[in-house]
Amino acid sequence: GERGLQQQPNEFFVDLTAPLPPELQQRFDVVFNHTTLEHIFEVRAAFRNLCAMSRDVVLVIVPFAQVQHENGSFGDFWRFTPTCLRQLYAENGLTVIYEAENYDRNAATYLLFAGAKHPERWSGKLPAYRPLERSASWIGATPVRDTFAAILTGNWRRLRRDAA
């Protein structure tokens, strides 16, 4: 819908760049933000507000590599790296507890990050934390080059992942 509104019951509009109303401070256990941060120029203010609304967990899905998309009601300003997200969580007092990316060769690449104010609560409940390395490394790669590189380096795991 226009500016993300879908006219559903219990839906309310939050301007993530404006000062957060007191009634939204630490109102939610989990705050989930899906592919909106790239459309907000004041991204640090928006991320700060997401963290302020949560009592513990903030989940974000953001584009890493995606076609530019905007219209009259929103712009398209940012693409995020894992390093950027880790820094945004840290400067807002959250610890990253999970990172993931999709592996679709012919589609946009998205990052999913979870951060927590109380990371100890999530120990043993999520897969062991492993930071992403070289996100979307397949961009610009060719199957022939990748197969040859995997054979030369003995990196068979990469070959199996890229074939998926």
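Residues numbered from 1 in each chain as written. Predicted model: local features only at pLDDT ≥ 70, side-chain atom pairs only at ≥ 80, totals over all residues. Heavy atoms only, no water.

**Student:** Mind showing me how you'd approach the sheet that holds strand β4 (residues 109–116) here?
**Tutor:** Either a parallel or an antiparallel arrangement is found when strands of a sheet pair, and the pairing is made through backbone hydrogen bonds. With respect to topology, four strands assemble into an open sheet ordered β1-β2-β4-β3, the strand pairing being mixed. Every interior strand has two partners, whereas the edge strands, β1 (28–34) and β3 (95–101), have only one. Strand-to-strand twist in this sheet, taken as the mean axis angle between neighbours without regard to direction, amounts to 15°. Across six bridges, the pairing between β3 and β4 is antiparallel. Bridge assignment links E101 to a residue of β4, and that residue is L111. Across the sheet, helix α1 (residues 43–53) lies against β1 and β2 (54–65), angled at about 145° from β2, the strand it touches most. (Pairing = 2+ DSSP bridges. Helix = DSSP H or I, 4+ residues; strand = E, 2+ residues; numbered from the N terminus. Axes fitted to C-alpha atoms, helices over the stretch in contact; angles between N-to-C directions. Contact = heavy atoms within 4.5 Å.)

**Student:** Would you mind showing me how to read helix α2 (residues 82–91) here?
**Tutor:** One turn of an α-helix holds 3.6 residues; hence residues three or four places apart share an orientation. Within α2, burial applies to P82, L85, L88 and Y89. The arc that holds every buried residue of α2, seen down its axis, measures 125°, which confines them to one face. Where α2 ends, the next residue or the one after it, G93, has phi of about 80°, a positive value. (Buried < 20%, exposed > 50% of the residue type's maximum accessible area, 1.4 Å probe, protein only. Arc of directions from axis to C-beta.)

**Student:** Help me understand the side chain of H39 in this model?
**Tutor:** Structurally, H39 can be placed in the loop between β1 and α1. Of note is the side chain of H39, whose polar atom sits 2.6 Å from the backbone oxygen of G75. Among residues more than four places away in sequence, those in contact with H39 are H69, F74, G75, D76 and F77. (Polar contact = N/O pair within 3.5 Å; in protein donor to acceptor, adjacent residues only side chain to side chain.)

**Student:** Explanation requested: the packing of aromatic side chains in the structure shown.
**Tutor:** When we look at a pair of aromatic rings, we describe it by the centre distance and by the angle of the planes. A complete count under the given rule lists three aromatic pairs for this structure. On the basis of an interplanar angle of 15° and a centroid distance of 6.5 Å, the ring pair of Y89 and F113 is categorised as stacked. Residue Y89 is found in helix α2, and its partner F113 is found in strand β4; the two are separated by 24 residues along the sequence. Through successive ring pairs, a cluster of aromatic residues spans F47, Y89 and F113. Positioned above the aromatic ring of W122, the side-chain terminus of K125 is 5.9 Å from the ring centre. (Phe/Tyr/Trp six-rings, centres within 6.5 Å; stacked < 30°, edge-to-face > 60°. Lys NZ or Arg CZ within 6 Å of the ring centre and 35° of its normal.)

**Student:** Honestly, the pattern of salt bridges in this entry has me stumped. Any pointers?
**Tutor:** Here the structure, examined in full by the defined rule, presents four salt bridges. Here R44 makes a salt bridge to E91, at a shortest N to O gap of 2.6 Å. Here R44, found in helix α1, pairs with E91, found in helix α2; they are 47 residues apart in sequence, far enough to count as distant. (Salt bridge = Lys/Arg side-chain N within 4 Å of Asp/Glu carboxyl O.)

**Student:** Please clarify how unusual backbone geometry should be interpreted in this entry.
**Tutor:** Leaving glycine aside, a negative phi is the common case for residues, and trans is the common case for peptide bonds. Of note in this structure, Q26 is not a glycine but carries a positive phi near 50°. For Q26, the position within the fold is in the segment before β1.

**Student:** Just checking my understanding: could you explain the confidence of the model for the protein for this structure?
**Tutor:** Keep in mind that low pLDDT regions are not for reading the predicted coordinates in detail. Looking at the protein, pLDDT values average 86 and 88% of them are 70 or higher. Least confident of the elements in the protein is helix α4 (residues 156–163), whose mean pLDDT is 55; most confident is α1, at 98. (pLDDT = per-residue confidence, 0-100.)

**Student:** I keep staring at the environment of T35 and nothing clicks. Help me out?
**Tutor:** Locating T35 in the fold gives a position in the loop between β1 and α1. The spacing of T35 and L112 is 77 residues in sequence and 9.9 Å in space, taken between C-alpha atoms. A polar contact of 2.9 Å, which involves the side chain of T35, links it to the side chain of H34.

**Student:** Any chance you could explain the nonpolar core here in plain terms?
**Tutor:** Soluble, globular proteins show a tendency: their nonpolar side chains are buried together. With 24 residues, the main nonpolar core has L37, L50, V58, V60, L85, Y89 and F113 as its most contacted residues. At the level of secondary structure, the elements contributing two or more residues to this core comprise α1, β2, α2 and β4. Counting residues per element, this core draws most heavily on α1, which supplies six residues. With sequence-adjacent residues up to four places away left out, L50 is seen in contact with L16, V31, N33, L37, V58 and V60. (Core = buried A, V, L, I, M, F, W, Y, C linked by side-chain atoms within 4.5 Å.)

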